[in-house]
Amino acid sequence: MNPQAKLIFTISLLLGTTITISSNHWIMAWAGLEINTLAILPLISKSHHPRSIEAATKYFITQATASALVLFSSMTNAWYTGQWDITQLTHPTSCLILTSALAMKLGLVPFHFWFPEVLQGSQLTTGLLLSTVMKLPPVSLLFMTSHSLNPTLLTCMAILSTALGGWMGLNQTQIRKILAFSSISHLGWMTIIISYNPKLTLLNFYLYMLMTTAVFLTLNTIKASKLPTLTTTWTKSPALNAMLLLTLLSLAGLPPLTGFLPKWLIIQELTKQGMTTAAVSISLLSLLGLFFYLRLAYCSTITLPPHTTNHIKQWHTNKPTHSSIALLTTMSTALLPISPFITTII
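Here is what the cut-offs are and how they apply
Residues numbered from 1 in each chain as written. Predicted model: local features only at pLDDT ≥ 70, side-chain atom pairs only at ≥ 80, totals over all residues. Heavy atoms only, no water. UniProt positions renumbered as here; feature names shortened; annotations may be inferred. Helix = DSSP H or I, 4+ residues; strand = E, 2+ residues; numbered from the N terminus. Rg over C-alpha atoms; globule rule 2.2 N^0.38 Å. Buried < 20%, exposed > 50% of the residue type's maximum accessible area, 1.4 Å probe, protein only. Contact = heavy atoms within 4.5 Å. Lys, Arg positive; Asp, Glu negative; His and termini not counted. Charge placed at Lys NZ, Arg CZ, Asp CG, Glu CD. Domains from an automatic or database assignment. Buried area = accessible area lost by both parts, 1.4 Å probe. Salt bridge = Lys/Arg side-chain N within 4 Å of Asp/Glu carboxyl O. Axes fitted to C-alpha atoms, helices over the stretch in contact; angles between N-to-C directions. Parallel < 35°, antiparallel > 145°, perpendicular 65-115°, else oblique. Nonpolar A, V, L, I, M, F, W, Y, C, P; charged D, E, K, R; others polar. Patch = residues over 30% accessible without salt bridge, like charges linked within 9 Å, V, L, I, M, F, W, Y side chains within 5 Å. Areas by Shrake-Rupley, 256 points an atom, 1.4 Å probe, with all protein chains shown as cover. Core = buried A, V, L, I, M, F, W, Y, C linked by side-chain atoms within 4.5 Å.

Naming follows an unreviewed UniProt entry, where the chain appears as NADH-ubiquinone oxidoreductase chain 2 of Artisornis metopias. What UniProt states about the chain under its Function (unreviewed entry) heading is, verbatim, "Core subunit of the mitochondrial membrane respiratory chain NADH dehydrogenase (Complex I) which catalyzes electron transfer from NADH through the respiratory chain, using ubiquinone as an electron acceptor. Essential for the catalytic activity and assembly of complex I."

Structure representation (structure tokens):
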């Protein structure tokens, strides 16, 4: 792709995200979402492979439907209440439609079907944008309207997302699909707490962005896109693969790594709210996700699984690891000791 075109699309992404996050009016928020969608489409389809074109088409149809629902929800609320302010969403029908629209934007169950397919048809760098930056505007809208949305509906969607995200990722061999189901599972954790403590949702989202960026950039460096490829990359850069192991375990939420912090705080908050059953359910369902993280970690670092075919091992490279990957992986594994400081900030 032409560097100038790529620069324009990247600036448009940042512009659309900024407009949505900083707006108070529904029309401005909708315009930001549309700019975002139109900017990411050429990046998804830039390889001109049929799978990429299919992914771009699926993404466009889903996001256009979700944007139409956002507009319909805001217009319904304005019709009944005369309010276009995002925080003044009070009409029950509008709240229900908006919940569906944002779930579709984010890829929450039962509107999750598009996300693994789109991520599989994209390159790793585009997949990183889809998993992190593109989720920021819908999460910010969810944050601003959290007091108006139905907590029971959000809790049900969250538990289903964690269950399906873990369950459907078990049988995958494509790394991008595994990371897509991982994203759906993490969104469940963010959604379950948003009605009770929205700041915890933002903390979870920021840490999820941090860890996912580290994983995607590492995979992009070692050029691994499926599990059989990942098994032969340990010879190429052993130190990077060792850090990938820790980052994946952090993404799974194992103590004493960074990923344990948001899960710990969310379980604590749910227990305070008297939602012990939901806390136990979502904790047990996250063990499904732990299995495929461990499988990824096993394939990347620990040993080669038994195969009948011969593997071509990759040459060891002396090329230094990029400083951004080093910083991200360190933060993805070592932030738990400063959790008291993080909790005072939020």
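**Q** Would you take a moment to explain the overall build of the chain for this structure?
**A** On a plain count of helices and strands, the chain comes out with 16 helices and zero strands. Expected size for 346 residues packed as a compact globule is a radius of gyration near 20 Å; at 20 Å, the chain falls within 12% of this value. Here the chain, with 346 residues, has 53% of them falling under the buried criterion. Sequence separation of at least 24 residues holds for 77% of the intrachain contacts in the chain that already meet a minimum separation of 6. Taking the average place of the 17 positive charges on the side chains of the chain and the average place of its 5 negative ones, the gap between the two points comes to 17 Å.

**Q** Quick question: what am I supposed to make of the environment of threonine 233 here?
**A** The topology assignment puts threonine 233 in the loop between α11 (227-230) and α12 (238-252). Owing to a relative accessible area of 0%, threonine 233 belongs among the buried residues under this scheme.

**Q** Explanation requested: the domain arrangement of the chain in the structure shown.
**A** One frequent convention defines the size of an interface as the accessible area lost when the parts assemble. According to the domain assignment, the chain contains domain 1 (1-128) and domain 2 (150-345). Using C-alpha coordinates to define each centre, domain 1 is positioned 24 Å away from domain 2. Contact with domain 1, which involves 20 residues of that partner, is made by 25 residues of domain 2. Interface area for domain 1 against domain 2, summed over the two sides, is near 2000 Å², with a carbon-plus-sulfur share of 77%. A per-residue breakdown of the area domain 1 buries against domain 2 is headed by Val109, Gln120 and Leu124, which together make up 34% of the total. For glutamate 117, the salt bridge is made with lysine 177, and the minimal N-O distance between the two is 3.4 Å.

**Q** So what exactly am I meant to see when it comes to the environment of proline 50 here?
**A** Position of proline 50 among the secondary structure elements: in helix α3 (residues 50-81). The exposure class assigned to proline 50 is exposed, which follows from its relative accessible area of 61%. Considered as a pair, proline 50 and glycine 121 are 71 residues apart in the sequence and their alpha carbons are 8.6 Å apart.

**Q** Which parts of the structure should I look at to understand the UniProt feature "transmembrane region" (unreviewed entry) in the chain?
**A** UniProt tags residues 5-21, 56-76, 96-115, 152-171, 178-196, 202-222, 243-262 and 274-294 as "transmembrane region" (unreviewed entry). Helix and strand shares over residues 202-222 are 100% and 0% respectively, and the end C-alpha atoms of the span are 30 Å apart. The straight-line gap between the two end C-alpha atoms of residues 243-262 is 21 Å; of that span, 65% is helix and 0% is strand.

**Q** Please clarify how the pattern of salt bridges should be interpreted in this entry.
**A** Opposite charge on two side chains permits them to pair, given that their charged atoms come into close proximity. Per the counting criterion, the structure on display carries three salt bridges. Residues glutamate 117 and lysine 58 are paired through a salt bridge, measuring 3.9 Å at the closest nitrogen-oxygen approach. Pair noted here: glutamate 117 is in helix α5 (residues 114-120) and lysine 58 is in helix α3, with a separation of 59 residues, a long-range link. Of the residues examined, glutamate 117 reaches a relative accessible area of 31% and is grouped as partly exposed.

**Q** Any chance you could explain the packing of helix α6 (residues 124-131) against helix α10 (residues 198-222) here in plain terms?
**A** In helix packing, the relevant descriptors are the interaxial angle and the interaxial distance, both defined with respect to the helix axes. Closest axis-to-axis distance for the α6/α10 pair is 9 Å, and the angle between their directions is 175 degrees. It follows from the interaxial angle that α6 and α10 lie roughly antiparallel. Across the interface between the two elements, Leu124, Thr125, Gly127, Leu128 and Ser131 of α6 pack against Tyr208, Thr212, Thr213, Phe216, Leu217, Leu219 and Asn220 of α10. Its residues assigned to classes, the contact of α6 with α10 shows six nonpolar, six polar and no charged.

**Q** Just to check I follow, could you spell out a nonpolar patch on the surface for this structure?
**A** Together, Ile338, Phe341, Ile345 and Ile346 line one region of the surface with nonpolar side chains, adding up to about 380 Å² of accessible area. The residue phenylalanine 341 is located in helix α16 (residues 339-345) in this model.

**Q** Sorry if this is basic, but what is going on with unusual backbone geometry here?
**A** With the exception of glycine, most residues fall at negative phi, and the peptide bonds are largely trans. Residue proline 110 follows valine 109 across a cis peptide bond; omega there is 10 degrees. When you line up the elements, proline 110 lands in the loop between α4 (92-106) and α5. Looking along the chain, the bond that leaves proline 255 and enters proline 256 is cis, with omega of 5 degrees. In this structure, proline 256 sits in the loop between α12 and α13 (260-272). Phi at histidine 48 takes a positive value of approximately 60 degrees, unusual for a residue other than glycine. Residue position: histidine 48 is located in the loop between α2 (26-44) and α3. One non-glycine residue with positive phi stands out, namely lysine 223, at about 55 degrees. With respect to the helices and strands, lysine 223 occurs in the loop between α10 and α11.

**Q** Would you mind going over the nonpolar core with me for this structure?
**A** In a soluble, globular protein the nonpolar side chains are often hidden away together inside. Counting residues in each nonpolar core, the largest one holds 93 residues, and the members touching the most others are Tyr59, Leu130, Leu219 and Leu230. The biggest single contributor to this core is α10, with 14 residues. Here this core gathers at least three residues from each of two domains, domain 1 (1-128) and domain 2 (150-345). Leucine 219 has contacts with Leu124, Ile175, Leu179, Ala224, Leu230 and Leu244, leaving out every residue within four places of it along the chain.

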